Amino acid sequence: MIKWILVILLATAMFFGCGKESPAEPENEPPEIVDTHVYLIFNIPADKVLCEVSDPDGLGDISSVSFIMANPGYNDLIYDLYDDGTHGDITSGDGTYTYEWVEGVDIRWVGDGEVNGVGATYQFRVRDSANHEVYTDAVEY
Ligand SMILES: [Ca+2]
Ligand SMILES: [Ca+2]
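Residues numbered from 1 in each chain as written. Chains lettered and ligands numbered in written order. Predicted model: local features only at pLDDT ≥ 70, side-chain atom pairs only at ≥ 80, totals over all residues. Heavy atoms only, no water.

A.B. asks: Any chance you could explain the overall build of the chain here in plain terms?
C.D. replies: On a plain count of helices and strands, the chain comes out with one helix and eight strands. For the chain, the N- to C-terminal ordering of α and β elements is α-β-β-β-β-β-β-β-β. Per-residue burial over the chain gives 28% buried out of 141 residues. Considering only intrachain contacts with a sequence separation of at least 6, the fraction spanning at least 24 residues in the chain is 58%. Surface accessibility of the chain: about 9,300 Å² in total, with carbon and sulfur atoms responsible for 56%. (Helix = DSSP H or I, 4+ residues; strand = E, 2+ residues; numbered from the N terminus. Buried < 20%, exposed > 50% of the residue type's maximum accessible area, 1.4 Å probe, protein only. Contact = heavy atoms within 4.5 Å. Areas by Shrake-Rupley, 256 points an atom, 1.4 Å probe, with all protein chains shown as cover.)

Right, here's the structure in full:
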């Protein structure tokens with residue numbers, strides 16, 4: 001008798017367990033870069049970059065927002081921006097990501113410095129949880 005009760009309980013649990021499965025995960029849409037601001041004159045501690053992003057799946061779907069500086073012949077410098085009220089971010093969780101260089105932070109190019117005719121550039125990159133990547137156009141500076 002107890003065995004049968006256990007079997008019925010198990011079957012019931014499986015039935016309701018299966019019923020909870022969602023039919024199909026909705027497609028994850030790529031994020032979008034809404035607006036950017038660059039205050040970059042390498043006059044630390046004044047330098048700051050801002051990037052406003054959105055995502056159809058919500059701001060919680062954003063996995064990273066980065067500022068990428070490329071200089072031919074050197075490694076890329078990649079700075080992660082923050083939306084948590086740190087690193088110069090004014091308002092936490094509003095979709096505007098910020099990075100502020102502070103005194104003591106080293107900005108150093110590493111490489112052979114061979115120039116191929118292209119100047120140094122910067123651009124922003126946003127990634128979401130589905131590994132969508134969206135870039136702004138590279139801007140020469
Ligand atoms: Ca998304
Ligand atoms: Ca913010």
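A.B. asks: Quick question: what am I supposed to make of the coordination of the calcium ion (ligand 1) here?
C.D. replies: Six octahedrally arranged donors around a metal ideally form angles of 90 or 180 degrees; four tetrahedrally arranged donors ideally form angles of 109.5 degrees. Protein ligation of the calcium ion (ligand 1) involves N28 (OD1), E29 (O), D55 (OD), D55 (OD), D57 (OD), D61 (OD) and D128 (OD), the donor distances falling in the range 2.2 to 2.6 Å. The sequence pattern describing where the donors of the calcium ion (ligand 1) fall on their chain is N-E-x25-D-x1-D-x3-D-x66-D. Remark: D128 occurs in strand β6 (residues 121-128) and D55 occurs in the loop between β2 (48-54) and β3 (62-70); sequence separation between them is 73 residues. (Donors = N, O, S within 2.8 Å, 3.2 Å for Na, K, Ca; no water.)

A.B. asks: Help me understand the nonpolar core in this model?
C.D. replies: For soluble globular proteins, nonpolar side chains are generally found buried alongside one another. Within the largest apolar cluster, 17 residues are counted, with the highest numbers of intra-cluster contacts made by V53, V65, F67 and L81. Those elements that provide at least two residues to this core are β2, β3, β4 (77-80), β5 (96-100) and β6. In terms of residues, this core owes the most to one element, β3, which gives four residues. (Core = buried A, V, L, I, M, F, W, Y, C linked by side-chain atoms within 4.5 Å.)

A.B. asks: How should the pattern of salt bridges be read in this particular structure?
C.D. replies: Oppositely charged side chains are able to pair whenever their charged atoms sit close together. The tally for this structure, following the rule as stated, stands at one salt bridge. Among the ionic pairs, R127 bridges to E133, the shortest N-O distance being 2.6 Å. The partly exposed category is assigned to R127, whose relative accessible area is 29%. (Salt bridge = Lys/Arg side-chain N within 4 Å of Asp/Glu carboxyl O.)

A.B. asks: I would appreciate a short explanation of the sheet that holds strand β1 (residues 32-39) in the present structure.
C.D. replies: Hydrogen bonds along the backbone pair up the strands of a sheet, which may run parallel or antiparallel. The antiparallel open sheet is built from three strands, whose spatial order is β1-β2-β5. Each end of this open sheet is capped by a strand with a single partner; those strands are β1 and β5. Averaged over all pairs of adjacent strands, the angle between strand axes in this sheet comes to 15°, irrespective of strand direction. (Pairing = 2+ DSSP bridges. Axes fitted to C-alpha atoms, helices over the stretch in contact; angles between N-to-C directions.)

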